[in-house]
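Letter by letter, the chains look like this.
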Amino acid sequence: RRALLLRLTGHLEAAGESLLEILQLDLQHGLALFWYAKVLLEQSRHQEAPGFLQASIQHYQDTSAHAHALLGALFMSWSEPDCDAALRNLREANRLEPGSSPIRVTLWIASAMSLLRSSPRDPEGALQYLDRALHVLTAPKPANAPEKAKNGLATPRGHLCGSGGAAA
């Protein structure tokens, strides 16, 4: 709880230290692994996060869909994106949580990216995925019913990365 409170108040270094204390006591504490990976991402330490996300998938089922989704988004954000790994993780996240619009939209964005990077390129197919994503992102939502993913991990913009600060 202390680590999450520190994270929410912007004290990322202290939050990371608190989570590392938990992990020193229990290397398989899946929730601490997940939140430590999130803190690493928020600190722009992207190269360190995948191992913690993968470990959290093995040790904590409740956040595995979101860990897969974050891995997918992370693989897309690299200077040399790994579209295959991104799609693999995002498809698994979508399988685990099929009702999550943020995961589904992120999967469509990754699918479009993959089609544009493949040989031969498929710009028409990419546009179809991006149109789907745009439709979901711009669809009016009832004022009293903001979308929330399981575990409260949805974002204001409706896709996994939100405004871009949290995931990649």
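Given the structure is predicted, the values throughout are model-derived calculations rather than measurements. (Residues numbered from 1 in each chain as written. Predicted model: local features only at pLDDT ≥ 70, side-chain atom pairs only at ≥ 80, totals over all residues. Heavy atoms only, no water.)

1. A look at the overall build of the chain
Right, so step 1: Secondary structure summary: the chain contains eight helices and zero strands in total.
Right, so step 2: When the elements of the chain are put in sequence order from the N terminus, they spell out α-α-α-α-α-α-α-α.
Right, so step 3: Taking the intrachain contacts of the chain between residues at least 6 apart in sequence as the baseline, contacts between residues at least 24 apart amount to 50%.
Right, so step 4: Of the accessible surface of the chain, which amounts to about 9,400 Å², a share of 53% is contributed by carbon and sulfur atoms. (Helix = DSSP H or I, 4+ residues; strand = E, 2+ residues; numbered from the N terminus. Contact = heavy atoms within 4.5 Å. Areas by Shrake-Rupley, 256 points an atom, 1.4 Å probe, with all protein chains shown as cover.)

2. Comments concerning unusual backbone geometry
Of all residues except glycine, most have a negative phi; of all peptide bonds, most are trans.
Right, so step 1: With an omega dihedral of 0 degrees, the bond running from Ser-119 to Pro-120 counts as a cis peptide bond.
Right, so step 2: Take Pro-120: it is sitting in the loop between helix H7 (101-117) and helix H8 (123-138).
Right, so step 3: Of note, the phi angle at Ser-44 is positive, near 60 degrees, even though the residue is not glycine.
Right, so step 4: Its location among the elements puts Ser-44 in the loop between helix H3 (30-42) and helix H4 (49-59).

3. Some words on the confidence of the model for the chain
Right, so step 1: On average, residues of the chain carry a pLDDT of 87, and 85% of them reach 70 or more.
Right, so step 2: Mean pLDDT values for the elements of the chain range from 84 in helix H1 (residues 2-8) up to 97 in helix H6 (residues 83-96).
Right, so step 3: Here residues 162-168 is a poorly scored stretch, pLDDT under 50, and it has 15 contacts once near neighbours within four places are set aside; other chains count. (pLDDT = per-residue confidence, 0-100.)

4. What about the pattern of salt bridges?
Right, so step 1: Taken as a whole, this structure holds five salt bridges when the rule is applied.
Right, so step 2: Residue Arg-7 is joined to Glu-42 by a salt bridge in which the shortest nitrogen-to-oxygen separation is 2.5 Å. Taken together, the residues span a long stretch of sequence, with Arg-7 in helix H1 and Glu-42 in helix H3 at a distance of 35 residues. Note on accessibility: Arg-7 and Glu-42 belong to one class, buried.
Right, so step 3: When the shortest N-O distance is used, the salt bridge between Arg-45 and Glu-48 registers 2.8 Å.
Right, so step 4: Relative accessible area serves as the criterion here: at 30%, Arg-45 is assigned to the partly exposed category. (Salt bridge = Lys/Arg side-chain N within 4 Å of Asp/Glu carboxyl O. Buried < 20%, exposed > 50% of the residue type's maximum accessible area, 1.4 Å probe, protein only.)

5. Focus on the environment of Thr-63
Right, so step 1: Summarising the element assignment, Thr-63 is placed in the loop between H4 and helix H5 (64-77).
Right, so step 2: The buried category is assigned to Thr-63, whose relative accessible area is 4%.
Right, so step 3: Separated by 28 residues in sequence, Thr-63 and Trp-35 place their C-alpha atoms 9.7 Å apart.

6. Here we look at H4
Right, so step 1: Those residues of H4 lying buried are Ala-49, Pro-50, Leu-53, Ala-55, Ser-56 and Ile-57.
Right, so step 2: Looking at the buried side of H4, the elements it contacts are H3 and H5.

7. Some details on the packing of H7 against H8
Each pair of packed helices gets described by two things: the angle between the helix axes and the distance between those axes.
Right, so step 1: Interhelical geometry of H7 versus H8 gives an angle of 160 degrees and a closest axis separation of 8 Å. The angle between the axes of H7 and H8 places the two elements in the roughly antiparallel class. Crossing of H7 against H8: the hand is left-handed. Together, Ser-101, Val-105, Trp-108, Ile-109, Ser-111, Ala-112, Leu-115 and Leu-116 of H7 and Pro-123, Gly-125, Ala-126, Tyr-129, Leu-130, Arg-132, Ala-133, Val-136 and Leu-137 of H8 make up the contact between the two elements.
Right, so step 2: The class makeup of the residues in the contact of H7 with H8 is 13 nonpolar, three polar and one charged. (Axes fitted to C-alpha atoms, helices over the stretch in contact; angles between N-to-C directions. Parallel < 35°, antiparallel > 145°, perpendicular 65-115°, else oblique. Left-handed = near helix turned anticlockwise from the far one by under 90°. Nonpolar A, V, L, I, M, F, W, Y, C, P; charged D, E, K, R; others polar.)

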